[in-house]
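One-letter residues, chain by chain:
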Amino acid sequence: LLMVDAEAGFKNPLRFFYLVTNFNSVMTWGVIILGAFMVVNLTTLAIDMLGKRVPHALEYCGLALALATAAYTGVLLGVVQTFPLWNTPLLPVLFVVSAASTGVASVVLAGCFVGNRAKNVRLLARTRLVLPVAELVLIALLLATVQASDAGAASAAAVLTGSHAALFWIGLVAAGL
């Protein structure tokens, strides 16, 4: 999908090898992180489906790669200089908190359907309230910090009261959080 998105697609498949060997590129690190994350996830799934216990080291590796995947998305968008709301060091942190919030909510929801068999669902149920609050604080900080430039202030105004306000307040704040 990265190759199709980068408009090389099937025309120049060797371009992918440049993508994974250019270690100065954020995209390269994302490909490496996502690739490793997929390998760890598939290995964990295979071990679990065989009815065996997944080693803690593999679980911790998966956790680290999950955090890196969430942060990577924010870093990738953060290098876009022309979009002030993205060009901030808060974005990777926001993405990690948002991913954690979504993951916890998904596990808690799934726990409702399987009768809360997981021991940790109660702990997750308590954290599901903390993470959206942290996410809201990070969004407020992000919107406040971009106010330093005219373009940033215009972007924040478009999100808070302008053309994107309905999506922000109804979609993100009311429904999302």
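Attention in this report is confined to the structure presented alongside it. (Residues numbered from 1 in each chain as written. Predicted model: local features only at pLDDT ≥ 70, side-chain atom pairs only at ≥ 80, totals over all residues. Heavy atoms only, no water.)

This part is about the packing of aromatic side chains. Aromatic rings in a pair are described by how distant their centres are and how their planes are angled relative to each other. Across all of its chains, the model carries two aromatic pairs by this definition. Taking the centre distance of 4.8 Å and the plane angle of 80 degrees together, the rings of Phe 168 and Trp 169 count as edge-to-face. Take Phe 168: its relative accessible area is 10%, and that puts it in the buried class. Overall, the relative accessible area of 43% leaves Trp 169 in the partly exposed class. (Phe/Tyr/Trp six-rings, centres within 6.5 Å; stacked < 30°, edge-to-face > 60°. Buried < 20%, exposed > 50% of the residue type's maximum accessible area, 1.4 Å probe, protein only.)

Moving on: the nonpolar core. Grouped together as the largest cluster of nonpolar side chains are 16 residues, with contacts concentrated most on Leu 85 and Leu 143. Elements represented by at least two residues in this core include exactly α5 (90-113), α6 (121-145) and α7 (150-160). Excluding its chain neighbours within four sequence positions, the residues that come into contact with Leu 85 are Leu 91, Leu 142, Leu 143, Val 146, Ser 155 and Val 159. (Core = buried A, V, L, I, M, F, W, Y, C linked by side-chain atoms within 4.5 Å. Helix = DSSP H or I, 4+ residues; strand = E, 2+ residues; numbered from the N terminus. Contact = heavy atoms within 4.5 Å.)

Among the structural elements, Ser 101 can be located in helix α5. Setting aside anything within four residues of it in sequence, one finds Ser 101 in contact with Leu 131, Pro 132 and Glu 135.

Moving on: the packing of helix α3 (residues 26-49) against helix α4 (residues 56-78). The N-to-C vectors of α3 and α4 enclose an angle of 150 degrees; their axes lie 9 Å apart at closest approach. Between α3 and α4, the crossing angle belongs to the class labelled roughly antiparallel. As α3 runs across α4, the sense of the crossing is left-handed. Of α4, the residues touching α3 (which contributes Val 26, Met 27, Gly 30, Ile 33, Leu 34, Ala 36, Phe 37, Val 40, Thr 43, Thr 44 and Ile 47) are Leu 58, Cys 61, Gly 62, Leu 65, Ala 66, Ala 68, Thr 69, Tyr 72, Val 75 and Leu 76. Residue composition of the contact of α3 with α4, grouped by class: 16 nonpolar, five polar and no charged. (Axes fitted to C-alpha atoms, helices over the stretch in contact; angles between N-to-C directions. Parallel < 35°, antiparallel > 145°, perpendicular 65-115°, else oblique. Left-handed = near helix turned anticlockwise from the far one by under 90°. Nonpolar A, V, L, I, M, F, W, Y, C, P; charged D, E, K, R; others polar.)

Function-wise, these values are silent; they only describe arrangement.
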